Amino acid sequence: MPRAARLGCAAALGPLLVAHVVAAIDPISVGIAIGAASAITGYLSYTDLYCRFAECCRKEQPLNASALKLDLDEKLFGQHLATEVIVKALTGFKNNKNPKKPLTLSLHGWAGTGKNFVSQIVAENLHPKGLKSNFVHLFVSTLHFPHEQHIKLYQDQLQGWIRGNVSACPSSVFIFDEMDKLHPGVIDAIKPFLDYYEQVDGVSYRKAMFLFLSNAGGDLITKTALDFWRAGRKREDIQLKDLEPMLSVGVFNNKHSGLWRSGLIDRNLIDYFIPFLPLEYRHVKMCVRAEMRARGAAVDEDVVTRVADEMTFFPKDEKIYSDKGCKTVQSRLDFH
């Protein structure tokens, strides 16, 4: 069963209350392995050796900022703002030995612009197993919080789930996908964990990370990008200050953002609102090339062009931006 589906019992979401279970390793096998390794390498602590055989949440989780930037530069296309802000935010957060609050990032833009892809890259750079890690937790609004009449239940279970997992691993990562489909009020249940408290009920959340992924604000981002294009200015000239203020206000006042009138915004608990710009024809071609390389195939520029030409673009007259970003590139490439 996929990791996200573990949380998905629709009516009661019972699994959210169950303690997180890490796959057990036969202690005899581990003991033999540790004994052998110790004999060969000299003394190593039990913890160090155990963590060679099982995933561990280490007290210090260093970030290789250069590797993160390289991943984003090579795999994410057309998103200079997202790359710049994410590298800056994660580097500063991980280098701070005593952060005052968890790092909270809200990623906004139309489907196919790279938000889910970035959350995957971030997870892999923080925990080697990425989205498969026991310390990375993905919530999908339509799967885990589907019923409006159960908001109070979801709030209680969400608090219990986060409290339990941060207790087990302070550097846990929580990803909330489809925020624009989340019922208003649900996300405010985690407000105490995102605030500037040293501890909440004996648990410190200051080294945890929260990522919100949302289509909300995509129209505002596209309008700004289009205004720059029509004025003859490069998209790379768009700065965070051109978009972040209107994004925060826009999602706060949007009943379908998941953050409508949320205390998370009102209390300034979201560190960055990160815009993902609509993708142009050239970016779609970059996505096709990257997908061909990922499949181990030689890049055929004729195929790249044919796949990109099959995509639809908007606005109606200029046809600048892909209406699905790179979302359907994989499936379309299957036919070539």
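Residues numbered from 1 in each chain as written. Predicted model: local features only at pLDDT ≥ 70, side-chain atom pairs only at ≥ 80, totals over all residues. Heavy atoms only, no water.

Trainee: Help me understand the side chain of Asp180 in this model?
Mentor: Note that Asp180 resides in the loop between strand E3 (173-177) and helix H8 (191-194). Taking the relative accessible area as the measure of exposure, Asp180 reaches 17% and is therefore buried. A polar atom in the side chain of Asp180 sits 3.1 Å from the backbone nitrogen of Asn215. Ignoring any residue separated from it by four or fewer positions in sequence, one finds Asp180 in contact with Leu213, Ser214, Asn215, Ala216, His256, Ser257 and Gly258. (Helix = DSSP H or I, 4+ residues; strand = E, 2+ residues; numbered from the N terminus. Buried < 20%, exposed > 50% of the residue type's maximum accessible area, 1.4 Å probe, protein only. Polar contact = N/O pair within 3.5 Å; in protein donor to acceptor, adjacent residues only side chain to side chain. Contact = heavy atoms within 4.5 Å.)

Trainee: Looking at this structure, how should I read the UniProt feature "binding site: ATP" (unreviewed entry) in the protein chain?
Mentor: Per the UniProt record, "binding site: ATP" (unreviewed entry) is found at Gly109, Trp110, Ala111, Gly112, Thr113, Gly114, Lys115 and Asn116. By the element assignment, Gly112 lies in the loop between strand E1 (103-108) and helix H5 (115-126). With respect to the helices and strands, Lys115 occurs in helix H5. The exposure class assigned to Lys115 is buried, which follows from its relative accessible area of 5%. Apart from residues lying up to four places away in sequence, Lys115 is in contact with Leu107, His108, Gly109, Trp110, Leu213, Ser214, Asn215 and Phe276. Of note is the side chain of Lys115, whose polar atom sits 2.8 Å from the backbone oxygen of Gly109. (UniProt positions renumbered as here; feature names shortened; annotations may be inferred.)

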